[in-house]
There are 2 protein chains.
Amino acid sequence: MTATIKDIAKAVGVNPSTVSRVINGTASISEETKEKIMQAMKELDYHPNSLARSLVNGNTFTIGLVIDAGNKDAFSNAFFIQSVIAIESVAQSKGYSVLITNHSLSDSNNIKNLVQERKVDGIILPVQCMTGELIDLMTSSNFPFVVMGEPQDKRADICWVDVDNEQGSRQAVECLIKSGYKSPMLLVENRKTIFENKRIKGFEDECKAQKIKTCSIHTFSEEKIEKLIDEIQKKERETDSVICSNNVIAFKVLKAIKARKICVPKQIGVITFDNYPLAEYMEPALSVVDVDTYKMGETAAELLFRSIRGKEKKIKGRLVDVAIIERESTERKTK
Amino acid sequence: MTATIKDIAKAVGVNPSTVSRVINGTASISEETKEKIMQAMKELDYHPNSLARSLVNGNTFTIGLVIDAGNKDAFSNAFFIQSVIAIESVAQSKGYSVLITNHSLSDSNNIKNLVQERKVDGIILPVQCMTGELIDLMTSSNFPFVVMGEPQDKRADICWVDVDNEQGSRQAVECLIKSGYKSPMLLVENRKTIFENKRIKGFEDECKAQKIKTCSIHTFSEEKIEKLIDEIQKKERETDSVICSNNVIAFKVLKAIKARKICVPKQIGVITFDNYPLAEYMEPALSVVDVDTYKMGETAAELLFRSIRGKEKKIKGRLVDVAIIERESTERKTK
DNA sequence: ATGAAAGCGCTAACAC
DNA sequence: GTGTTAGCGCTTTCAT
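Residues numbered from 1 in each chain as written. Chains lettered and ligands numbered in written order. Predicted model: local features only at pLDDT ≥ 70, side-chain atom pairs only at ≥ 80, totals over all residues. Heavy atoms only, no water.

Novice: In this structure, what is going on with the overall build of chain A? I would like to understand it.
Specialist: When helices and strands are tallied, chain A shows 12 helices and 12 strands. In summary, chain A has a C-alpha radius of gyration of 26 Å against a globular reference of 20 Å for 335 residues, an excess of more than 25%. By principal-axis analysis of the C-alpha atoms, chain A measures approximately 90 × 45 × 35 Å. Among the 335 residues that make up chain A, the fraction classed as buried is 53%. Considering only residue pairs separated by 6 or more positions, chain A has 69% of its internal contacts joining residues 24 or more positions apart. Total accessible area computed for chain A in this model is approximately 15200 Å², and 49% of it derives from carbon and sulfur atoms. (Helix = DSSP H or I, 4+ residues; strand = E, 2+ residues; numbered from the N terminus. Rg over C-alpha atoms; globule rule 2.2 N^0.38 Å. Buried < 20%, exposed > 50% of the residue type's maximum accessible area, 1.4 Å probe, protein only. Contact = heavy atoms within 4.5 Å. Areas by Shrake-Rupley, 256 points an atom, 1.4 Å probe, with all protein chains shown as cover.)

What follows is the structure, given as structure tokens:
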């Protein structure tokens, strides 16, 4: 039997509401009774029941976080955990808990339940989980939410956070040029997702010769990558460096390049998006466009709390800066 | 304004309790009124308030999951996410939500709050978060919890799940022997943690010559690893294969070996614990002891739910099987 | 089969 | 400064 507010009221000989007041600091209480109440709370090991509290206050001090487990890409998951940690950290600092729920492609009911059953005060969700139905539900009920990743659907009042992919490409090109490369090529996985398109845009902005190849790691076999490398090698003057849109592409490319005894970084420079923990252990150590997923989660959480607090209604999108980490794979110039 | 149980009662012209009964199927209701009530629930878009429900039922249909973000080891985090996904999945199948909270070394208050403020019905926590104080709190209040990782402190009623590390070492040795290697060496990070000791034990059980080296990736510089490899190389007859206790060791070892133009797998076989997503992209592709973190999370969740349901009180520990995945790095025999 | 009423633990509006 | 009262939304005896 855990102590309730009544128990401690009885113990001290006051009314439950008085106890409530000292707990919440919601009215001025005489030092004396306050002392006694504090004392009793300690002795009876009292802890307020968050449920009861939420029920009357109408808020749960909990935010929902949707994770996309269906996304079997172990790589993106590995990144996402950083966002999770950041979100939890911000939430904790505000006295909030974080409820996670999986996004299942079949139905978004679990997410809908979160908002409809009043289990959370707001939600952070990855862009791929953002169905129209869900958006309707949340916007119509004025329910606070923040999207991780830039949505295609640019409705007025959707608040989102993303990595600055355009900037990423631009900086990658700059990094290569600065290192003495003349003609980079961009290798993307596809041209469908918005983030790939941003990367393409940034690349095109910065690079006169717009050499871009699509090489999905799923449909694209190793042989195809190898052919691509052969191609690059033949016209070496044309392409002397590659920017890979993700780590798997980078690893396959690296493998194919090395199998041909082409030297990285001397003959071909390689830089990749995403600072996967292993990138620095590769040979050569991979230069990367470091995507700060912690920062992204942190920003998302902060935006969500602003929305929950009701301040600054009209925040639309927010981009998180990327940073280049130069390692061996782009060291053409001998220092 | 969201509809409450009263609203729908009023709409149909019945008592709130009747509505409650159809929601919970807790009494026999005439088909007619049941129909009407269901209808009204749809029309008014009614969703039961989980808070109110929990308050009266005394359970939250939520479990707590402690994550160890302080653990800056990006590698272990990458694995842990699989457990998180598994736990969420099991929870969801039972109609439960998952509340995550970070473990901060400074104080375990946030975890304690979870149980004391009745926010969750049970908790899953990593072994490193398991302070004596916390255990006391949970056992004394008969609060269900499951530990991920085998605890040092073997109290009677602590329920834990771990990977079968002993089996892992044994199978790694077997795999090497089967592939034609004669004399493996085990490289562990330290001899302090229980899981390293289990790996050592399994290795010793299986291997007459008990060659074990400690090489913390933090205190152990690349040069030291290189020296180690030099040593191995000199007495090649003695050591012809290494089992690495984690991926970082494996990558550094691989690098050092290759720098010396020693051929893997011909001259030295390499196998490592943990099937990090990149292991298969290494050169040569790394054979691994695959630790099924999904399964581990799943098992933990299942045990927790048994405990919550009050069945099978006395479950102590449970080991999850490992599996060897043979890739190029142990292919001594040409097939 | 259904209604009435009490109560889960807490807070807040209104008294004094 | 503190007691009284009502009520958050739901479930659950106890009636009928």
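Having put the structure on the table, let's press on.
Novice: How should the interface of chain A and chain B be read in this particular structure?
Specialist: A common way to express how large an interface is: the accessible area buried when the components associate. On the side of chain B, 48 residues touch chain A, which itself brings 48 residues to the contact. Interface area for chain A against chain B, summed over the two sides, is near 4700 Å², with a carbon-plus-sulfur share of 63%. Among the residues chain A hides against chain B, the three largest losses belong to A:Leu51, A:Ile100 and A:Tyr281. Together they make up 14% of the total. The interface formed by chain A and chain B contains 14 residue pairs in polar contact (both at pLDDT 80 or more). Among the elements of the structure, α4 (50-57), β1 (62-67), α5 (74-93), β2 (97-102), α6 (109-116) and α11 (247-259) of chain A are those that each provide at least two residues to the side of chain A that touches chain B. Examining the composition of the side of chain A that touches chain B, we find that 10 residues originate from one element, α5(A), more than from any other. For the side of chain A that touches chain B, the class distribution of residues is 23 nonpolar, 15 polar and 10 charged. Bridge analysis of β2(A) against strand β2 (residues 97-102) of chain B gives three bridges, and the strand direction is antiparallel. (Buried area = accessible area lost by both parts, 1.4 Å probe. Polar contact = N/O pair within 3.5 Å; in protein donor to acceptor, adjacent residues only side chain to side chain. Nonpolar A, V, L, I, M, F, W, Y, C, P; charged D, E, K, R; others polar. Pairing = 2+ DSSP bridges.)

Novice: For this particular structure, what's the right way to read the protein's contact with DNA strand D?
Specialist: Around DNA strand D there are 26 residues in total, and A:Asn15, A:Thr18, A:Ser28, B:Ile5 and B:Tyr46 lie nearest to it. In the interface set of DNA strand D, defined as its atoms within 4 Å of the protein, sugar plus phosphate atoms amount to 69%. For DNA strand D, a base oxygen lies 3.3 Å from a polar atom in the side chain of A:Ser17. Take A:Arg21: an N or O atom from its side chain is 2.7 Å from a base nitrogen of DNA strand D. Of all the secondary-structure elements, those providing two or more residues to the surface near DNA strand D are α2 (16-24) and α4 of chain A together with α1 (5-12), α2 (16-24) and α4 (50-57) of chain B. In terms of residue class, the surface near DNA strand D is built from nine nonpolar, 13 polar and four charged. (Near = heavy atom within 4 Å.)

Novice: Where do I start with the pairing of strand β9 (residues 269-273) of chain B in this structure?
Specialist: In the case of a regular strand, side chains alternate between the two sheet surfaces. Residues and elements named next belong to chain B. With five of its five residues buried, β9 lies for the most part within the structure. Alternating positions in β9 separate into two faces, Gly-269, Ile-271 and Phe-273 on one and Val-270 and Thr-272 on the other, with burial throughout. Where strand β8 (residues 241-244) meets β9, four bridges bridge the pair, whose relative direction is parallel. Paired with Ser-241 across the two strands is Gly-269, which belongs to β9. In the classification by handedness, the crossover that spans β8, the intervening helix α11 (residues 247-259) and the parallel β9 is right-handed. Taken together, the three bridges between β9 and strand β10 (residues 287-290) define a ladder with parallel strand orientation. (Right-handed = clockwise from strand over helix to strand, strands pointing away.)

Novice: Got a minute to help me understand the UniProt feature "domain: HTH cro/C1-type" (unreviewed entry) in chain A in this structure?
Specialist: Mapped onto the present numbering, the UniProt feature "domain: HTH cro/C1-type" (unreviewed entry) falls on residues 4-47 of chain A. Between the first and last C-alpha atoms of residues 4-47 of chain A the distance is 8 Å; the span itself is 68% helix and 0% strand. (UniProt positions renumbered as here; feature names shortened; annotations may be inferred.)

Novice: Help me understand empty space enclosed by the protein in this model?
Specialist: The rolling of a water-molecule-sized probe over the atoms marks out the regions of remaining empty space. Inspection of every chain in the model, using the stated rule, returns five cavities of 30 Å³ or more. In this structure, the largest cavity occupies an estimated 230 Å³ of space. In this structure, the largest cavity is lined by 14 residues; those nearest its centre are A:Leu51, A:Thr62, B:Leu51, B:Thr62 and B:Lys119. Those elements giving two or more residues to the lining of the largest cavity turn out to be α4 of chain A together with α4 of chain B. (1 Å grid on protein atoms, 1.4 Å probe; cavity = no way out; pocket = protein on both sides within 12 Å on 5 of 7 lines; lining within 4 Å. Points joined across faces, edges and corners; volume = space filled by probe spheres on them.)

Novice: What is the right way to read the relation of the copies chain A and chain B from this model?
Specialist: Think of it as a corkscrew move, a rotation about one axis and a shift along it, taking one chain copy to the other. Rotating chain A by 180° about the axis while translating it 0.0 Å along that axis superimposes it on chain B, leaving an RMSD of 0.1 Å. Considering both components of the superposition, the chain copies are consistent with a two-fold axis. The fraction of interface residues of chain A whose copies in chain B are also interface residues reaches 100%, indicating that both copies meet through the same surface. (Least-squares fit on C-alpha atoms with pLDDT ≥ 70 in both.)

Novice: Please clarify how the domain arrangement of chain A should be interpreted in this entry.
Specialist: Under the domain assignment, chain A is made up of domain 1 (5-44), domain 2 (62-163 + 294-322) and domain 3 (165-291 + 324-330). When each unit is reduced to the centre of its C-alpha atoms, the spacing between domain 1 of chain A and domain 2 of chain A is 38 Å. (Domains from an automatic or database assignment.)

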